[in-house]
Amino acid sequence: MTTANAVYAKKYDVIVIGAGHAGCEAALAAARMGAETLVLTMSKETIAQMSCNPAIGGLAKGHLVKEIDALGGEMGKAADATGIQFRVLNQSKGPAARGSRCQSEMFEYKSYMRKILEGQARLTVIAAHIDELVFERDKVVGVRSQDSIEFQAKTVVVTTGTFLNGLIHRGEERIEAGRVGEPPSKGVSLSLAGRKLRMGRLKTGTPARLDRRTIDWSQTTAQWGDLPIRKFSFWDSVTPLPQVACHVTYTNAATHEVIQKNLQRSAMYNGAIKGVGPRYCPSIEDKVVKFADKDRHQIFLEPTGLNSLMIYPNGLSTSMPAEVQLDFLRTIPGLQDVDIIRPGYAIEYDFVLPNQLNPSLELKDVENLFLAGQINGTSGYEEAAAQGLMAGVNAALKVKEDNPFVLQRNESYIGVLIDDLISKGTSEPYRMFTSRSEYRLLLREDNADQRLSEKGYRLGLLPQKCFQRVQEKEKQIFQLAWELDQTRVTPTQTVNAALESRGEAALKNGTNALGLLKRPKLNMKSLQDFQFLANKIDWRVYPKAVQDQVEINTKYEGYIARQQQQLKSVSELERIRLPESIRYEGIPGLSREVIQKLQEYRPVTLGQASRISGVTPAAISVLQIHLRNLERRAKSKAC
C-alpha cells in the first residue's frame, strides 16, 4: 500500500464514495441520524445523474420509492418536485400489482438533489477521484484520492455504480469510462479484489439520445399522464412542473433487417462483451434475435427535460456502431429524418458477488465497509437508492455501536431486495418485480407509510410530524371501517333498485355498508353515490387515502388474513439466529452440497438459510434440532 502525502484534517463517521442514487440516499440517511458524513464524488455536476432513462418508479420499483419515502428518504420527494408526467401502471389490476412512475426533468432532478445534499447538516460534499480503500487488517479505515489525499472514517459506503473498471462498447469501439466522458474507477476495484472478495462482471446499456427537432411527431401517438397527479411522497411534497406527453412508435421489418445484417458489428454479438446483461431490459439486438416471431417492438419517446433537445427512445438500448444506430433509427415511423445527439452504448463493469454481504450490507469479511447499488449486482435507480438508504442507516448505527437495522422480506420490498441478493446471489443485473415477493398483497405501495414510518421515526430519519400524520390516518381508517360496520342496510325497494342498477343482486336479508363494499361491482364511490347512505356517513372527514385503505382491507380481507397466517410460521425461522462460530461439517444429516452452500453464504438466520438454493426443508429441520441440542448443552453447562 502506498503512503499518502497528506491526511485530510477532519475524520468522519461515514464516508460515501459516489453521489449517484445510492450515494445520495446513503449520505442523507447517515447525516440525518447524526453521523458526520462525507460524500466524495468525481464531479458535483453529476450528483444524482440520470445516466439512463429519465424516470423514477415503475412496476415494483414504485414500491421501493414509496418505502424509501416512508422511512424518511429523499427519492420520492425529489421525483414529485421534478416530475413532468405521472402515471400509475397496471391500474386495471389489483392494488398489489400497481406501480407509480413519473417521467423526470432530469436536469431539475439532479439540481434538486444537489441542493438537498449541500443543505443537509453534518454532510460535506467534496469533488475527488477515489483511487484506493485504506485498510488496517480486516477493517476499512478510510480512502485515498488520486492526488494522494487520505480521508479517514469509522465506516465507508461504496456506491460506485458502473464505474468499477467501466468499459464502454459501441460497435468495434472500446472506451475506458464509468459513463460517457467520465473516467472509470480502477483503484477501488483493485482494493476490493485485494481483499480476496469474489467479483464478477456485468453489462448494461443505453440508447442513443435523439434531437427532438428532427422527429415527425405526427407519426407517433401521444401518451399523457394521469390527472389528478398521484404523488410518490406521503408527506408535504409538491409537483410544481408543467406536465408533458411521451410519444409511442414501433420498430418494423425494415428496422429488424438493418439490425440482423449488422449483428456482427454489435459488441453484444461479436464476443467483445464478457459481462452478463439485464434479462428484463434487453438491447434491441437481443429483442430482434430472441423474439424473432415479433414483427414490431414498442418504443417510448421520452423527453429528458422541459427545455432540452434530447429525447430518450426507451426500448432501443444498443451496442451497435453509431452509423448503424442512425440507419435503423431512420426506419422507424416519426424518425425517418432523425439526428442523433449522442449514440447509445453498452457498458461493462465489475461487481461484488452479494452473498458476501451481511443483511446490513456490510461485508462479512471486511469490517465497517458497506456496499450499495450496482456494485451489488442490481440495476435501476430505485434498487440503488433503497440499498443506499439501508447502507447509510447501518453505517451510522455501526458508528453508534447499535444493532443493525434489517428489514425482513415480509415487511417490505426493500427486505425482499436485500434478502434475495444475500441469500440467492445474482449472476445478472437484478431487477425488482412484484412477483419476487410472496407477500405482495401485504406489501402494497399504498400502505408503505403504515408499514415503515414508525421505523423511520425511531431511526431519526422521519420527522415526528410525519409519523403523527400516519397515526392519525390509522385512527381514521379504523373509524371509517367501524362506521361502515355499524351502518345497517335493509332490503327495501329503494335499496334493491340501487343495487340492481349497479349490476348487483338485490338484498334478501339485512346487511351493513361494509357488507356492500365486499361486493365485486361496488366500491367506496358507489357507497357515496347511494342516496340511502347519503346522511349516514360524513364522507368529507375522510381523505381519499383513508377511504382507499378501508376499501382494500375489506375487499381483500380473506386473502390478507391468509398471508398473515403464513407469516407466523415463516417469522419463527427468521427469529432463530445461526451462531457465527457454527461448524456445518460436523452436523449429522447434512449433505455435502448443503454444507458447501451454508459455508459459502454463511446465513445469519434459519429463515435466510431456508431460501438458499439447494438447502432443503429436511436440512432446515436438521439445523433446528442441532441448534436445540446446542442450547440444551449450554444450559446444562451453566447449571
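What counts as what
- Residues numbered from 1 in each chain as written.
- Predicted model: local features only at pLDDT ≥ 70, side-chain atom pairs only at ≥ 80, totals over all residues.
- Heavy atoms only, no water.
- Salt bridge = Lys/Arg side-chain N within 4 Å of Asp/Glu carboxyl O.
- Helix = DSSP H or I, 4+ residues; strand = E, 2+ residues; numbered from the N terminus.
- Buried < 20%, exposed > 50% of the residue type's maximum accessible area, 1.4 Å probe, protein only.
- Pairing = 2+ DSSP bridges.
- Axes fitted to C-alpha atoms, helices over the stretch in contact; angles between N-to-C directions.
- Contact = heavy atoms within 4.5 Å.
- Arc of directions from axis to C-beta.
- Parallel < 35°, antiparallel > 145°, perpendicular 65-115°, else oblique.
- Left-handed = near helix turned anticlockwise from the far one by under 90°.
- Nonpolar A, V, L, I, M, F, W, Y, C, P; charged D, E, K, R; others polar.

A. Layout of the pattern of salt bridges. Counted according to the given criterion, the structure contains 45 salt bridges. As a salt-bridge pair, Glu-382 and Lys-61 come within 3.4 Å of each other at their nearest N and O atoms. Placement of Glu-382 in helix H9 (residues 381-399) and of Lys-61 in helix H2 (residues 61-71) is noted, with a sequence separation of 321 residues between them. Accessibility classification places Glu-382 together with Lys-61 in one group, the buried group. Salt-bridge contacts for Glu-411 lead to Lys-455; the nearest nitrogen and oxygen are separated by 3.1 Å. Here Glu-411 is found in the loop between H9 and helix H10 (413-424), whereas its partner Lys-455 is found in helix H11 (residues 448-459), with 44 residues between them in sequence. What makes Lys-455 partly exposed here is its relative accessible area of 27%. Each of the salt bridges in this network shares a partner with another, and the network as a whole consists of Arg-409, Asp-419, Asp-420, Lys-424, Glu-438, Glu-574 and Arg-611.

B. Here's a closer look at the sheet that holds strand E14 (residues 209-211). Strand order in this open sheet of 6 strands is E15-E16-E17-E18-E14-E19, and the pairing throughout is antiparallel. Each edge of the open sheet carries a strand with a single partner, namely strand E15 (221-223) and strand E19 (340-342). Averaged over all adjacent pairs, the angle separating strand axes in this sheet is 35°, with direction ignored.

C. Region of interest: the side chain of Asp-286. Here Asp-286 is to be found in helix H7 (residues 284-290). Owing to a relative accessible area of 10%, Asp-286 belongs among the buried residues under this scheme. Leave out the neighbours within four places in its chain, and Asp-286 touches Met-268, Tyr-269 and Phe-291.

D. How the structure looks around helix H13 (residues 493-501). For H13, the set of buried residues is Val-495, Asn-496, Ala-498 and Leu-499. Down the axis of H13, the sector holding all buried residues measures 160°, keeping them to one side. Residues of H13 that are exposed and point more than 90 degrees away from the buried face comprise Gln-493, Thr-494 and Ser-501. Where H13 is buried, its residues touch strand E22 (488-489) and helix H14 (513-517).

E. Layout of the packing of H2 against H9. Taken N-terminus to C-terminus, the directions of H2 and H9 make an angle of 30°; their axes are 9 Å apart at the nearest point. By the angle between their directions, the pair H2 and H9 is classed as roughly parallel. H2 and H9 meet at a crossing whose hand is left-handed. Taken together, the residues of H9 that come into contact with H2 (itself represented by Lys-61, Leu-64, Val-65, Ile-68 and Leu-71) are Glu-382, Glu-383, Ala-385, Ala-386 and Leu-389. Of the residues contributing to the contact of H2 with H9, the split by class is 7 nonpolar, no polar and 3 charged.

F. Just the sheet that holds strand E4 (residues 55-57), in detail. Within the open sheet, the 3 strands sit side by side as E4-E6-E5. Their pairing is antiparallel. The open sheet is flanked by E4 and strand E5 (83-89), the only strands paired with a single partner. The average angle at which neighbouring strand axes cross in this sheet is 20°, direction not considered. Examined bridge by bridge, E5 and strand E6 (residues 99-104) share 6 bridges and lie antiparallel to one another. Bridging across to E6, Arg-87 finds its partner in Arg-101. Contacting E4 and E6, H2 runs over the sheet at an angle of about 80° to E4.

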